[in-house]
Amino acid sequence: MSKIKRALISVSNKEGIVEFAKALKEFGVEIISTGGTGRILKDNDIDVIDIDQVTNFPEMMDGRVKTLHPAVHGGILAVRDDEQHLKEIAAQDIEPIDLVVCNLYPFAETIAKDDVTLEEAIENIDIGGPTMIRSAAKNSNDVAVVVDPADYDNLLAEMKVGDGGLTKTQKLKLAYKAFHHTAEYDQRIQNYLGEIVLADEKKELPETMLARYDKREDLRYGENPHQKAAFYLEDEQNEPSISTAEQLHGKGMSYNNINDTDGALELVKEFEAKPTAAVIKHANPCGMATADSLKQAFINAHAGDPLSAFGSIVAANRTIDAATAREIADQDKFIEVVIAPDYEPEALEILKERSDKMRILKTGELSINKNKPGYSMKKVTGGLLVQDRDLAQTTAEELEVVTEKEPTKEQIKDLLFSWKVVKHVKSNAIVMAKDEMVVGVGAGQMSRVDSMIIAGRKAEGRQEGGVVASDAFFPFPDAVEKAAELGVKAIIQPGGSIRDDQVIAACNKLGIAMVFTGKRHFRH
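Residues numbered from 1 in each chain as written. Predicted model: local features only at pLDDT ≥ 70, side-chain atom pairs only at ≥ 80, totals over all residues. Heavy atoms only, no water.

Asker: So what exactly am I meant to see when it comes to the side chain of Gln-411 here?
Answerer: Locating Gln-411 in the fold gives a position in helix α15 (residues 409–422). When residues no more than four places from it in sequence are discounted, the contact partners of Gln-411 are Glu-406, Val-467, Lys-489 and Ala-490. (Helix = DSSP H or I, 4+ residues; strand = E, 2+ residues; numbered from the N terminus. Contact = heavy atoms within 4.5 Å.)

Asker: Is there a simple way to explain the sheet that holds strand β4 (residues 99–103) in this structure?
Answerer: Note on sheets: strands pair through backbone hydrogen bonds, and any given pair is parallel or antiparallel. Here five strands make up an open sheet; going across it, the order is β3-β2-β1-β4-β5 and the pairing parallel. What marks the edges here is a single partner per strand, and that holds for β3 (49–50) and β5 (144–146). Direction of pairing for strand β1 (residues 6–11) relative to β4: parallel, over a ladder of five bridges. Opposite Ala-7, over in β4, you have Leu-99 as the bridge partner. Where helix α2 (residues 35–43) meets the sheet, it contacts β1, β2 (30–33) and β3, and its direction lies at approximately 135° from that of β2. Where helix α9 (residues 152–161) meets the sheet, its contacts fall on β1, β4 and β5, and the angle it forms with β4 comes to roughly 170°. (Pairing = 2+ DSSP bridges. Axes fitted to C-alpha atoms, helices over the stretch in contact; angles between N-to-C directions.)

Asker: How do you make sense of the nonpolar core when you look at a structure like this?
Answerer: One recurring pattern in soluble globular proteins is that nonpolar side chains are buried together. Of all hydrophobic cores here, the largest spans 51 residues; its most connected members are Ile-320, Ile-328, Phe-474, Val-480, Ile-491 and Met-514. Counting residues in each nonpolar core, the second largest holds 41 residues, with Val-422, Ala-429, Val-438 and Val-441 among its members. (Core = buried A, V, L, I, M, F, W, Y, C linked by side-chain atoms within 4.5 Å. Buried < 20%, exposed > 50% of the residue type's maximum accessible area, 1.4 Å probe, protein only.)

Asker: Sorry, what's going on with helix α4 (residues 70–77) here?
Answerer: Spacing of three or four residues puts side chains on the same side of an α-helix, whose turn is 3.6 residues. Among the residues of α4, Ala-71, Val-72, His-73, Gly-75 and Ile-76 are the ones counted as buried. Where the residues of α4 are buried, they touch β1, α3 (51–55), β4 and α8 (128–138).

Asker: Would you explain the sheet that holds strand β21 (residues 513–516) in this entry?
Answerer: What the six strands build is an open sheet, ordered β16-β21-β20-β19-β17-β18; its pairing is mixed. Of all strands in the sheet, those with a lone pairing partner are β16 (400–401) and β18 (438–442), marking the two edges. Sheet analysis places β16 next to β21, joined by two bridges and oriented antiparallel. Residue pairing in the sheet places Glu-400 in a bridge with Phe-516 of β21.

Right, here's the structure in full:
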């Protein structure tokens, strides 16, 4: 274990640097510093050597060139047990540097500004900093590198134990973190410039996907107990989501809880005009409703399929009030997770009293960031499928009536309601609705007619006079004929089958109104 005798400090984030430098001085460490960092240390009566005293070369071009010099990198990169290295630096009057403390220009903070220019962003691309960090990390057997102010106290504690030095293992851990720091930095730059280049070239998706995900927590297990799992968060969060939600109560979220809660929340985010509640089981809505009050919306949503709602996830698009909380907390209901923008104090207490296991999550005001929505991604063995998020919505004006019978205004309201819901059901998907309430769902079947049969069975007669949404076209008239048997009066679907004329003819014969959207909503 070699002692740290000489340190180079050049940081953009000055947090804790004065205290850290003072502590290094107590270990007898000589400190070299640059520009603004050096001035702050001197202002706090810390003796430092200016970088130009080491390089015998002035800082140039507004600080663009200051540490890019053999006197710096020779001191960092020299291998201490290589006699030839030591002879070469001695011949050039280069002294070894044992510790590099460096973090980088605030590129992420700069590009986060609404009015940032390309020129301003480029000026905040650090060159000398990453080079020093990588040099020190490469030579981690001999040199320690610190990029995170959070590591200052730990390093000092380890130096105290090590009589002013660090072990190779400790330095290797710091090197790992250093390369992570520079890789993240370069990724941000690549992504920022990539957005500009892709826009200029009118390309939809990047040639290379570089994304950073940080582990938030290890999970007890994955979808099944024999699978290890963890929850990772994207570096950049652009809208309220399961990833940004604050857990207010209950035991830790499981892998399946997170997946299902994401599905529930993304569904209610589609609805803005009226209070809305969704009940999700295994990533599919088993109940969904909008109403004049959140309490009634939840009652209707839960009534959509109370049997399947056992152990479900509940999402709401409004602050949960006490009246709604009492319905959710009913002893006859078993609800695993509740997620909503917020909770009235009394409502939160009611839900907490219901169970110490019920997970309660708060998102803040809901929104969908359509300006920067990100991508939908699915891992396959050896590859990654990437697509735009399915944020497409349909208005009444966009509907194409293709049957002799036109839907009524009330039916159009239910058709648009069910069309939003079916987008969030696993394909092949059928949603039956009436009075802005889901009454039956058929999900994930290989045959669309089977989905219709299942949805009808779930509806238990409540579909009479209601509507049906299908996420994709009907390949044959059989599912339409089944809908007629069940008393359905209007259907919304994308259209586009080679047998559309047969399907429309069946609707005309059976007295069903049908509208086409021209959009498909497969969800696999």
